[in-house]
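# Architecture at a glance
One-letter residues, chain by chain:
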Amino acid sequence: MKWHTWFSIEWQQVLGISLSALGFYLGLMLFTRLMGLRSFSKLSSHDFAMTVGIGSILASTVLSDSPSLLQGLFAVAVLFMIQGVISAIRRKVKPLKSLIDNQAIILMAHGEYFLDNLKEANLSTSDVQEVLRKNGLKSKSEVFAVIMETTGDMSVIKNDNTIPDWSLFDDIRDSDLLIKPDKSTL
């Protein structure tokens, strides 16, 4: 192995990397202005794929002479166009939205874990407990719901005296589990 190659760089490489990084940065700013801030959001799996794809293209374009800067920018432009088309399809064709997006799932409600949903999400109760602690909860009884969002993030909703607006939960699988049965009617 040639150790000296790990720690060497020529001035032409410095110039090439600098110009490629600047060109790529300006191109990304232009594309983001044209397509909007959603371009780098984490709202759905296709948004995540877009971010990973751009990162990969950025790395290969900036750190080598192949692909060229223009090829890298063209590839990113194509990704932006694909994301724009997918976003339009998601908004306008509701049946395709469920094919494109993951669905949020309830992991815990009213202090009780939903073990089948945890298993489906490949999570353990200790994963949920960690999120509860990070949200400053000291007791499971403080939990109205823990929801695994479509992005993989976990939302923790605390119990309080506010009456839930159920429309906020209608896109979550098993949302009926949030309605706590009245013990007086059992």
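Reading the values: rules and limits
- Residues numbered from 1 in each chain as written.
- Predicted model: local features only at pLDDT ≥ 70, side-chain atom pairs only at ≥ 80, totals over all residues.
- Heavy atoms only, no water.
- Helix = DSSP H or I, 4+ residues; strand = E, 2+ residues; numbered from the N terminus.
- Rg over C-alpha atoms; globule rule 2.2 N^0.38 Å.
- Buried < 20%, exposed > 50% of the residue type's maximum accessible area, 1.4 Å probe, protein only.
- Pairing = 2+ DSSP bridges.
- pLDDT = per-residue confidence, 0-100.
- Phe/Tyr/Trp six-rings, centres within 6.5 Å; stacked < 30°, edge-to-face > 60°.
- Axes fitted to C-alpha atoms, helices over the stretch in contact; angles between N-to-C directions.
- Parallel < 35°, antiparallel > 145°, perpendicular 65-115°, else oblique.
- Left-handed = near helix turned anticlockwise from the far one by under 90°.
- Contact = heavy atoms within 4.5 Å.
- Nonpolar A, V, L, I, M, F, W, Y, C, P; charged D, E, K, R; others polar.
- Core = buried A, V, L, I, M, F, W, Y, C linked by side-chain atoms within 4.5 Å.

For the chain, the count of helices and strands is six helices and five strands. At 23 Å, the chain has a C-alpha radius of gyration far larger than the 16 Å of a compact globule built from 186 residues. Each principal axis of the C-alpha distribution contributes one length, and for the chain these read about 80 × 45 × 25 Å. Per-residue burial over the chain gives 29% buried out of 186 residues.

Attention shifts here to the pairing of strand S1 (residues 104-109). Burial of S1 is extensive: six of the six residues sit out of reach of the surface. Note: S1 against strand S5 (residues 172-173), two bridges, orientation parallel. Note on S5: the bridge partner recorded for Ile105 is Arg173. Taken together, the four bridges between S1 and strand S3 (residues 143-148) define a ladder with antiparallel strand orientation. Of the residues in S3, the one forming a bridge with Ile105 is Met148. Relative to strand S2 (residues 112-113), S1 runs antiparallel, the two being bridged by two bridges. Along S2, the bridge assignment pairs Met108 with Tyr113.

A few words on the confidence of the model for the chain. On average, residues of the chain score 86 in pLDDT, and 94% of them are at 70 or above. Of all secondary-structure elements in the chain, the lowest mean pLDDT belongs to helix H4 (residues 94-100), at 74, while helix H6 (residues 125-134) reaches the highest, 96.

Glancing now at the packing of aromatic side chains. Per the stated rule, a full pass over the model turns up four aromatic pairs. Taken together, Phe144, Trp166 and Phe169 form an aromatic cluster joined through their ring pairs.

Let us look at the packing of helix H1 (residues 11-35) against helix H3 (residues 69-92). Interaxial distance between H1 and H3 falls to 10 Å at its minimum, and their mutual angle equals 20°. By the angle between their directions, the pair H1 and H3 is classed as roughly parallel. Between H1 and H3 lies a crossing of right-handed hand. Across from Leu19, Ser20, Gly23, Phe24, Gly27, Leu28, Phe31, Thr32 and Met35 in H1, the residues of H3 making contact are Leu69, Gly72, Leu73, Val76, Ala77, Phe80 and Gly84. For the contact of H1 with H3, the class distribution of residues is 10 nonpolar, six polar and no charged.

It is worth spelling out the pairing of S3 at this point. Counting buried residues in S3 gives six out of six residues, a clear majority hidden from the surface. Counted along the chain from S3 to the antiparallel partner strand S4 (residues 154-158), the turn is five residues long, and its residue Gly152 has a positive phi close to 100°.

This brings us to the environment of Met108. Tracing the sequence through the fold places Met108 in strand S1. Separated by 49 residues in the primary sequence, Met108 and Ile157 have C-alpha atoms spaced 10 Å apart. Here Met108 is in contact with Tyr113, Phe114, Val128, Leu132, Lys140, Val143, Phe144, Ala145 and Val146, once residues within four sequence places are set aside.

Let us look at the nonpolar core. Of all hydrophobic cores here, the largest spans 14 residues; its most connected members are Leu107, Met108, Val128, Leu132 and Val146. Among the secondary structure elements, those contributing two or more residues to this core are S1, H6 and S3. Not counting residues within four places of it along the chain, the set of residues in contact with Leu107 comprises Glu112, Tyr113, Phe114, Asn117, Leu118, Ala121, Leu123, Val128, Val146, Met148 and Met154. In terms of nonpolar packing, the next biggest core, distinct from the first, is built from 11 residues, Ile54, Ile57, Ala77 and Phe80 among them.

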